[in-house]
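# Tertiary structure, described
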Amino acid sequence: MLQKLFENRLYAFAVVLVVIIAAASAVFSSTFPTFNNFSQILLNLSTDTIVAVGMMLLLISGTFDLSVGSTVAFVGCFTSYLMFFFHVPVPLAILLGMLCASVIGLVNGYLIAYQGINPMIQTLAMMGIIRGGALMVSGSGIQGLPYWFNVIGQSKLLGIQMPVWYMLLTVGVFSFLLNKTIFFRRYYYIGNNEKAADLSGIRVKRMKMYGFILSSLLAGAAGILLTSRLGAALPTMGRGLELKVITAVILGGASLSGGIGKMPGALLGALFMGVIGNIMVISRVSGYWQDIILGLILIAILWLDKFLQKKYEV
Amino acid sequence: MLRKPFLFVVCSFMLMVYSCELPSKNTETATPSVNEGTKDEAIKNEEYVMVTTAVTMPMYVHHDQAAFLKWGKARGVKVSVLGPADWDVSEQINTIEEVIGSKPSGLLINGTDPAIAGAINKAVAAGIPTVVYDSDIPDSKRNAFLGTDWYEIGKMQGEEIASLINGRGKVAYMGILGLNNMEAGFKGLLDVFKKYPGIEVVGKFDDKANVEEAAKITSDLLSAHPDIAAFAGFDSNSGPGIALAVKEAGRAGKIKITCVDWEPEHLALVKQGVIQMLAGQKRELFTWYGAQFLYDMAHKTNKLSGNDAKAGITDIPYSVNTGLLKITKENVDQFINH
């Protein structure tokens, strides 16, 4: 049973997470294991996880997108710009924001899949362009957004903030799609062997383009959600998010070479980083040390994973 | 047959609608609950937390955080500095919200962006004394604010430049465009120049708080306007960037420079005669007195009524302008030796 548990990276990772949570609950018994703290952790990682779902899809197909953090900022700022300066009704502004997100994904996907531009170069260039766009439309930020827009991210259901529900819904829906539909399973075939997938009749280029569009749409939705939660659009939103999300997704079982990964892994990876971050805040670890500690823990977890895989392969 | 699932869906939907809580349109004014215990042994267990963004920025480390840590040592209380390493306001908000759960004795928050108002209000609603420093968040329910009047920073630079160039010549200024405090500074500068018809403003530039960017803008301006007489810088990196380009052009001392902040590199440039004046903020006072306000609030040091919280009053100053330092070649040694 133990062997089976450690053979599956997701289960092994979940066990490590449970051990960390149990230890933190014992050490910080009055502050860590509370409903408020857990719902705050989930709330803080909700937008990251939604973006991570899109990144998981891309990594499964063997590619990635570095412009997701800027997409979060641009879509949030653009939607707010429409509502604040042009009094565009909330649903229409959101729709136009999501349209922008899909155009960003379409441009990335088309140039990478059809024109053969390297994904790192293309998405890096896009990252700069739309970060500039976010600064241009929002200046130093937009405050005073419509009440019904803020409702989207600030409401609660069963005492838990709505972004957490949206995150769970997103992970659930994409998990179902990836497991149960032929269309989404094709991403595994593409990630495993792109040439073989092409020869077997899968329209690889088109599928790749769809992947980028979906990833951008999820980043756009996360941007709108974060803006609504903050009640303000900040051009600095999502800075460094791309690396955070790629780390979470790799922690959650995906590989940079493609072909593997499961959606709950995206949630688990983000949850791991959220829990460690929260423990550091509660134990008052200074900001100087936080990145160093997080990096060391990530290396340790990946090493442990490799070690266990080797051990049980024999 | 179909009725049962239908009823289930309807009931579930109604339950969800019933459980849904919308955010309130107007948050209630919070009445912070104040710690009653003032005994010495209890003080040691008190914790005051500073939450900023870009926690590793040298200006914050050398001035704000150093004074805060010194205050904690002097008072014999625990102090912690938290926040993301980069300029990430949403991460600062996350940190504030996570800290609230651990109920510190007081929260000292760097007023980085108006968007942090919601998190400040949550802290105040949770009964935690909360003071904002650096830039005010006027739409929040913070208990007090300490900082500098940026309009005065602009005026100080404007008056010094006008005097240095005898009221005639081309002037350019730069900083982070769009930030409320810097925009107020720019306005102060321009209001002074209105009194001098001989001064021509060639433009306002965004150096993105980056030394290289400030140097690049300056060298471009030196090429476009060889007769430019002065530069004014508004963020911490504007001065060193402008000075670098002016030195490289071999015009140090001929072109006049004023800027803000007084890090060792700024002071060295004043000493060398490359920068003529620094408008320094008394950042140490932001956090020393900010922390002291928190302490006084928690200990009800200056009780003004039978029950200040019930009476809806705060027993600390509402807003404090900490004032400015003027550093020139005449007095720079005082600050270098400090």
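Basis of the calculations
- Residues numbered from 1 in each chain as written.
- Chains lettered and ligands numbered in written order.
- Predicted model: local features only at pLDDT ≥ 70, side-chain atom pairs only at ≥ 80, totals over all residues.
- Heavy atoms only, no water.
- UniProt positions renumbered as here; feature names shortened; annotations may be inferred.
- Helix = DSSP H or I, 4+ residues; strand = E, 2+ residues; numbered from the N terminus.
- Buried < 20%, exposed > 50% of the residue type's maximum accessible area, 1.4 Å probe, protein only.
- Contact = heavy atoms within 4.5 Å.
- Areas by Shrake-Rupley, 256 points an atom, 1.4 Å probe, with all protein chains shown as cover.
- Lys, Arg positive; Asp, Glu negative; His and termini not counted.
- Charge placed at Lys NZ, Arg CZ, Asp CG, Glu CD.
- Pairing = 2+ DSSP bridges.
- Axes fitted to C-alpha atoms, helices over the stretch in contact; angles between N-to-C directions.

Looking at an unreviewed UniProt entry, chain B carries the name Substrate-binding domain-containing protein, with the source organism given as Mucilaginibacter sabulilitoris. Its UniProt record gives chain B the following Subcellular location (unreviewed entry) comment, quoted word for word: "Cell envelope". Regarding chain B, the relevant UniProt record gives this comment under Sequence similarities (unreviewed entry): "Belongs to the bacterial solute-binding protein 2 family."

Within an unreviewed UniProt entry, the label attached to chain A reads ABC transporter permease, and the organism entered is Mucilaginibacter sabulilitoris.

### A closer look at the overall build of chain B
Secondary structure assignment for chain B yields 13 helices and 13 strands. In terms of principal-axis extent, the alpha carbons of chain B reach across some 85 × 65 × 35 Å. Out of the 338 residues in chain B, the part that is buried amounts to 53%. For chain B, restricting intrachain contacts to residue pairs at least 6 apart in sequence, the fraction spanning at least 24 positions comes to 69%. Within the structure as shown, chain B displays about 15,600 Å² of accessible surface, and the carbon and sulfur contribution to it stands at 55%. Once the 34 positive and 41 negative side-chain charges of chain B are each reduced to a mean point, those two points are 3 Å apart.

### Quick word on the sheet that holds strand β13 (residues 324-327) of chain B
Residue and element names in this part refer to chain B. What the 6 strands build is an open sheet, ordered β8-β7-β9-β10-β11-β13; its pairing is mixed. Edge positions in the sheet fall to β8 (199-206) and β13, since each of these pairs with one other strand and no more. Pairs of neighbouring strands in the sheet enclose a mean axial angle of 15 degrees, with direction left out of account. Sheet topology note: the strand β10 (residues 256-260)/strand β11 (residues 277-281) ladder contains 3 bridges and is parallel. Pairing of C259 across the sheet is with L278, part of β11.

### Section: unusual backbone geometry
When glycine is set aside, most residues are seen to have a negative phi, and most peptide bonds are trans. Residue and element names in this part refer to chain B. Residues other than glycine seldom take positive phi values, yet D134 does so here, at roughly 80 degrees. Its location among the elements puts D134 in strand β5 (residues 130-134). Under the relative-accessibility criterion, D134 is labelled buried at 9%.

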